[in-house]
Amino acid sequence: MRTGQYHHGDLRAALLERAEQTLREQGVDALSLRELARALNVSHAAPSRHFKDRRALLDALALTGVQRLTAAARSGLARSGDGFREQVFAIARAYVDFAAEHGALLELAFARKHDPAVAEGLELAWQPLKDDLHALIARGQREGRIRAGDTDRIGDILFIAVHGVATQAASGRLAGPALDRVFDDLLTHLLRGVAPNPGDEALPEADVPTC
């Protein structure tokens with residue numbers, strides 16, 4: 001690519017695409033605006049028109065990851081049909097599959113989310129996915145499939161368990177039939193675990209870390 005080849009907006013997209021490739025192949029420590037400029041054959045100052053510093057680049061890259069994850073989850077929900085169990089499996093499987101394919105990007109998205117200086121836009125980007133999960137939990141409660149209780153706390157329990165499988169998939173330690181088996185068993189046991197029991201009104205009090 002040659003300097004001056006980009007029209008307004010094209011360089012930003014190219015920088016993010018190249019940054020994701022570098023992240024995937026070399027890790028987050030290899031990311032720098034100067035190296036990206038060199039890789040794209042543009043001036044060292046050119047990336048600064050789109051990202052004021054490395055932190056802004058990382059936030060933007062993480063944001064694309066969250067947006068793509070949300071789109072994948074919603075696509076899975078749209079294909080799953082109307083059944084409660086099928087929708088829970090669909091949103092969870094979309095998350096695991098995204099982690100398996102884009103593990104480094106998902107890891108970056110989480111790292112940036114928990115950074116004290118996280119950009120507001122990135123922090124808010126997680127909300128639609130969280131809302132979808134909470135809507136499913138609320139539906140399960142209405143249908144008597146999930147016990148009563150704070151949907152935030154129940155959602156954290158479900159998310160932490162699924163994230164564990166996603167982490168194994170991202171590392172390659174779980175794949176193929178083994179991943180399918182573990183995933184199906186996990187979701188089956190999770191849904192049984194949060195199902196109402198006689199006399200239960202809510203989850204017992206416990207400190208659950210926020211994801």
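Residue positions are given per chain, counted from 1 along the sequence in the order it is written. For this predicted model, a pLDDT threshold of at least 70 governs which residues receive local features, and a threshold of 80 or more governs which side-chain atom pairs are given and counted, while totals over whole chains, interfaces and linings are taken from all residues. To get the side-chain values, all heavy atoms of the structure are used, and hydrogens and water are removed first.

### Considerations on the overall build of the protein
(1) Moving on: A tally of regular secondary structure across the protein gives 9 helices and 0 strands.
(2) Moving on: In this text, helices come from DSSP runs of H or I with a minimum length of four residues, and strands from runs of E with a minimum of two, each type numbered from the N-terminal end. Sequence-ordered secondary structure for the protein, helices as α and strands as β, is α-α-α-α-α-α-α-α-α.
(3) Moving on: Looking at the protein as a whole, 41% of its 211 residues are labelled buried. Here the term buried applies to any residue with accessible area under 20% of the maximum for its type, exposed to any over 50%, and partly exposed to those in between, with areas from a 1.4 Å probe on protein chains only.

### Some remarks on the nonpolar core
(1) Moving on: For our purposes a nonpolar core is just a set of buried Ala, Val, Leu, Ile, Met, Phe, Trp, Tyr and Cys residues, chained together by side-chain atoms within 4.5 Å. With 61 residues, the main nonpolar core has Leu61, Tyr95, Val96, Leu106 and Trp126 as its most contacted residues.
(2) Moving on: Element by element, the count of residues in this core is highest for helix α4 (residues 84-101), at 10 residues.
(3) Moving on: Those residues in contact with Leu61, other than ones at most four positions away along the chain, are Leu16, Ala19, Glu20, Leu23, Leu31, Leu105 and Leu108. We call two residues contacting when some pair of their heavy atoms lies within 4.5 Å.

### Here's the deal with the pattern of salt bridges
When charged atoms on two side chains of opposite charge get close, those side chains can pair.
(1) Moving on: Any carboxyl oxygen of Asp or Glu that lies within 4 Å of a side-chain nitrogen of Lys or Arg is treated as forming a salt bridge with it. Applying the stated criterion across every chain yields a total of 9 salt bridges.
(2) Moving on: Ionic pairing is found between Asp152 and Lys130, a salt bridge with its closest N-O pair at 3.7 Å. One end of the pair, Asp152, is in helix α8 (residues 151-171); the other, Lys130, is in helix α7 (residues 127-142), and 22 residues separate them in sequence.
(3) Moving on: Arg145 is the salt-bridge partner of Glu143, the closest N and O atoms lying 3.1 Å from each other.
(4) Moving on: On the accessibility criterion, Glu143 (40% relative accessible area) is partly exposed.
(5) Moving on: The structure contains a network of salt bridges with shared partners spanning Arg93, Asp97 and Asp180.

### Points about the confidence of the model for the protein
(1) Moving on: Considering every residue of the protein, the mean pLDDT works out to 88; 89% of them sit at 70 or more.
(2) Moving on: pLDDT measures how confident the predictor is about each residue, on a scale from 0 to 100. Here residues 202-209 is a poorly scored stretch, pLDDT under 50, and it has 16 contacts once near neighbours within four places are set aside; other chains count.

### Digging into α4
(1) Moving on: Under the convention used throughout, the expected extent of a helix is 1.5 Å for every residue step, that is, one less than its residue count. The terminal C-alpha atoms of α4, which comprises 18 residues, lie 26 Å apart, in line with the 26 Å expected from a rise of 1.5 Å per residue.
(2) Moving on: Of all the residues in α4, the buried ones are Phe84, Gln87, Val88, Phe89, Ala90, Ile91, Ala92, Ala94, Tyr95, Val96, Phe98 and Ala99.

### Looking at the packing of aromatic side chains
(1) Moving on: Two rings from Phe, Tyr or Trp (for Trp, the six-membered ring) form a pair when their centres sit within 6.5 Å of each other. Planes less than 30 degrees apart are called stacked, planes more than 60 degrees apart edge-to-face, and all others tilted. Under the counting rule described, the total for this entry stands at 4 aromatic pairs.
(2) Moving on: Look at Phe89 and Phe183: their rings are 5.8 Å apart centre to centre, the planes differ by 90°, and that puts the pair in the edge-to-face class. You can see Phe89 sitting in helix α4 and its partner Phe183 sitting in helix α9 (residues 176-193), a full 94 residues away along the chain.
(3) Moving on: Summarising the aromatic geometry, the rings of Tyr95 and Phe159 are spaced 5.3 Å apart at their centres and angled 70° between planes, so their arrangement reads as edge-to-face. Remark: Phe159 occurs in helix α8 and Tyr95 occurs in helix α4; sequence separation between them is 64 residues. There is no split in this pair, since Tyr95 and Phe159 are both buried.

### Quick look at the environment of Thr70
(1) Moving on: When you line up the elements, Thr70 lands in helix α3 (residues 54-80).
(2) Moving on: What makes Thr70 buried here is its relative accessible area of 8%.
(3) Moving on: With near-sequence residues (within four places) excluded, Thr70 lies in contact with Ala125, Pro128 and Leu129.

### So, the layout of surface pockets
(1) Moving on: If you add up the space inside the largest pocket, you get close to 620 Å³.
(2) Moving on: Cavity: a set of points on a 1 Å grid over the protein atoms alone where a 1.4 Å probe fits but cannot get out. Pocket: an open set with protein on both sides within 12 Å along at least five of seven lines, its lining residues, like those of a cavity, having an atom within 4 Å of a point. If you trace the largest pocket, you find 29 residues lining it, with Leu129, Lys130, Leu133, Gly155 and Phe159 closest to the centre.
(3) Moving on: For the lining of the largest pocket, the secondary-structure elements that each account for two or more residues are α3, α4, α6 (120-125), α7, α8 and α9.
(4) Moving on: With 7 residues, the top contributor of residues to the lining of the largest pocket is α7.
(5) Moving on: Estimated volume of the second largest pocket: approximately 200 Å³.
(6) Moving on: Lining the second largest pocket are 13 residues, and of these Ala56, Asp59, Ala60, Leu63 and Ala119 sit closest to its centre.
(7) Moving on: Counting only elements with at least two residues in the lining of the second largest pocket, the list comes to α1 (10-26), α3 and α6.
(8) Moving on: For the lining of the second largest pocket, the leading source of residues is α3, giving 6 residues.
(9) Moving on: Three classes are used: nonpolar for Ala, Val, Leu, Ile, Met, Phe, Trp, Tyr, Cys and Pro, charged for Asp, Glu, Lys and Arg, and polar for all others, with Gly counted as polar. For the lining of the second largest pocket, the per-class residue count stands at 6 nonpolar, 2 polar and 5 charged. Grid points are joined across faces, edges and corners, and a volume is the space filled by probe spheres set on the points.

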